[in-house]
Amino acid sequence: MSHVPESRHAVTIPTLLQMAREGRPIVMTTAYDAPTARIADAAEVDVILVGDSVGNVCLGFENTLPVSMAMMLHHLEAVVRIRPRALLLADMPYLSYHLGMEDSIRNAGAFLQRGAQGVKLEGGARRIPVIRALVEAEIPVMGHLGLTPQSLHAMGGYKVQGRTEGGALAILEDAQRLQDSGCFALLLEGIPAELARRVTETVEIPTIGIGAGPGCSGQVLVFHDVLGLIPGPPPKFVRAYLDGFGALRDALASWAGEVRSGAFPAAPESYLLPKAVQKAVQDWRPGGES
Ligand code: KIV
């Protein structure tokens, strides 16, 4: 019998590599707190990402740039507490891996020390030194190529990447170089489907697509997008499986209506006194003798 405690996670990085080898699609979503992580885990997704999308999805920012390490750790810790079976990854927020190797290792290491099994960071060839340093420090890294939201201003907005010959070839090159630097997987965001398929064919590590067509080893969507929790028309690459915003709004409005009509709370939602105490409570008068 082994004395090595088994991982509480049913899905590990070797599991993902095995799934990709066997052509079994990898399912990844985001979670930012205990309830969303519990739902994602109960749905048996393979990977939960505590994404820096927490900035726009939960914290009301316009983009992910204001998200800090402190915010990420706060949300990661909430997800860790539900002890997910899924592989748990944390996104390195803007400026947490741009200021030098030591700082980057300390930040990525902080995620691992709190229970993440790996980190994700954005960017191509220029990230190679930091990826190598993290891998050297035993920190598994998922790369992120294509539309990288932290480069929002450099890209001139959230625009599909890799549509020109130069752009497409640069992504193919970057994918090779990130693999060679030690990334265990690549997230491909906002690139043409044919390009994502070609990246997937030419690397040995799994690719996870978002807005990158069906030819990847797996797919990721933001939790709130899959469940239709964000009002308004979703982006082209999203398919919502529930009008979550409408369903939750209607349920809450039903409760509000019943509070206003007096229908809530009723006996089943109330605590009742024992008969003997009922009489004493009823007979009591303010300022009266007890
Ligand atoms: O932060 C995030 O939600 C992401 C998505 C691309 C999954 O990185």
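Reading guide: rules and limits
Residues numbered from 1 in each chain as written. Predicted model: local features only at pLDDT ≥ 70, side-chain atom pairs only at ≥ 80, totals over all residues. Heavy atoms only, no water. Helix = DSSP H or I, 4+ residues; strand = E, 2+ residues; numbered from the N terminus. Buried < 20%, exposed > 50% of the residue type's maximum accessible area, 1.4 Å probe, protein only. Contact = heavy atoms within 4.5 Å. Pairing = 2+ DSSP bridges. Domains from an automatic or database assignment. Arc of directions from axis to C-beta. Axes fitted to C-alpha atoms, helices over the stretch in contact; angles between N-to-C directions. Near = heavy atom within 4 Å. Polar contact = N/O pair within 3.5 Å; in protein donor to acceptor, adjacent residues only side chain to side chain. Areas by Shrake-Rupley, 256 points an atom, 1.4 Å probe, with all protein chains shown as cover. Nonpolar A, V, L, I, M, F, W, Y, C, P; charged D, E, K, R; others polar. Right-handed = clockwise from strand over helix to strand, strands pointing away. Phe/Tyr/Trp six-rings, centres within 6.5 Å; stacked < 30°, edge-to-face > 60°. pLDDT = per-residue confidence, 0-100.

Draft legend 1. Spotlight on the side chain of asparagine 107. Relative to the assigned elements, asparagine 107 resides in helix α5 (residues 101–113). Judged by relative accessible area, which is 14%, asparagine 107 ranks as buried. Apart from the residues within four sequence positions on either side, asparagine 107 is in contact with Met69, Met92 and Ser96.

Draft legend 2. Seen up close, the pairing of strand β8 (residues 218–221). As paired strands, strand β1 (residues 26–30) and β8 are joined by 4 bridges and run parallel to one another. Opposite valine 27, over in β8, you have glutamine 219 as the bridge partner. With 2 bridges connecting them, strand β7 (residues 207–210) and β8 associate as parallel partners. Bridge pairing in β8 links glycine 209 to glutamine 219.

Draft legend 3. Molecular detail of the domain arrangement of the protein. Each domain of the protein was delimited in the assignment, giving domain 1 (13–242) and domain 2 (248–288). The centre of domain 1, based on its C-alpha atoms, is set 48 Å off from the matching centre of domain 2.

Draft legend 4. Looking closely at helix α9 (residues 193–202). Residues Leu195, Ala196, Val199 and Thr200 constitute the buried set of α9. Viewed end-on, α9 has its buried residues packed into an arc of 140°, placing them on one side of the element. In α9, the exposed positions that point more than 90 degrees away from the buried face belong to Glu194 and Glu201. Contacts from the buried residues of α9 go to α8 (165–181), β6 (185–189) and β7.

Draft legend 5. Structural context of the sheet that holds strand β4 (residues 118–122). Taken in spatial order, the 8 strands of this closed barrel run β1-β2-β3-β4-β5-β6-β7-β8, and their pairing is parallel. Taken pair by pair, the neighbouring strands of this sheet meet at an average axis angle of 25°, ignoring direction.

Draft legend 6. Representation of the site of the ligand in the model. Residues in contact with the ligand amount to 13 residues; listed here are only the nearest, Gly51, Asp52, Ser53, Asp91 and Lys120. In this structure, an oxygen atom belonging to the ligand sits 2.9 Å away from a side-chain N or O atom of aspartate 91. Within the side chain of lysine 120, an N or O atom sits 2.8 Å from an oxygen atom of the ligand. Starting from 260 Å² of accessible surface for the ligand in isolation, the protein chains cover 96%. A per-class count over the shell around the ligand returns 5 nonpolar, 4 polar and 4 charged.

Draft legend 7. Highlighting the pairing of strand β3 (residues 87–91). β3 sits mainly inside the fold: 5 of its 5 residues count as buried. Residue alternation in β3 divides its side chains into two sets, Leu87, Leu89 and Asp91 and Leu88 and Ala90, and both sets are buried. Two strands pair when backbone bridges link them, and strand β2 (residues 47–50) and β3 are joined in this way by 4 bridges, in the parallel orientation. Note that in β3 the partner of isoleucine 48 across the bridge is leucine 88. Remark: the β3/α5/β4 crossover connection has right-handed handedness.

Draft legend 8. Structural detail: the packing of aromatic side chains. Considering all chains together, one arrives at 1 aromatic pair under this definition. Between tryptophan 255 and phenylalanine 264, the ring centres sit 6.4 Å apart and the planes meet at 70°, which makes this aromatic pair edge-to-face. Since its relative accessible area comes to 45%, tryptophan 255 is described here as partly exposed. Overall, the relative accessible area of 31% leaves phenylalanine 264 in the partly exposed class.

Draft legend 9. Up close: the confidence of the model for the protein. On average, residues of the protein score 96 in pLDDT, and 97% of them are at 70 or above. Mean pLDDT across the elements of the protein bottoms out in helix α12 (residues 275–283) (95) and peaks in β6 (99). Scored below 50 in pLDDT, residues 1–6 makes 0 contacts in the model with residues more than four places away or belonging to other chains.

Draft legend 10. Geometry of the side chain of threonine 30. When you line up the elements, threonine 30 lands in strand β1. Relative accessible area serves as the criterion here: at 2%, threonine 30 is assigned to the buried category. At a separation of 3.0 Å, a polar atom in the side chain of threonine 30 contacts the side chain of tyrosine 32. Reaching out from threonine 30, the side chain makes a polar contact with the backbone nitrogen of phenylalanine 223 at a distance of 2.9 Å. Among residues more than four places away in sequence, those in contact with threonine 30 are Leu49, Ser53, Leu221, Val222 and Phe223.

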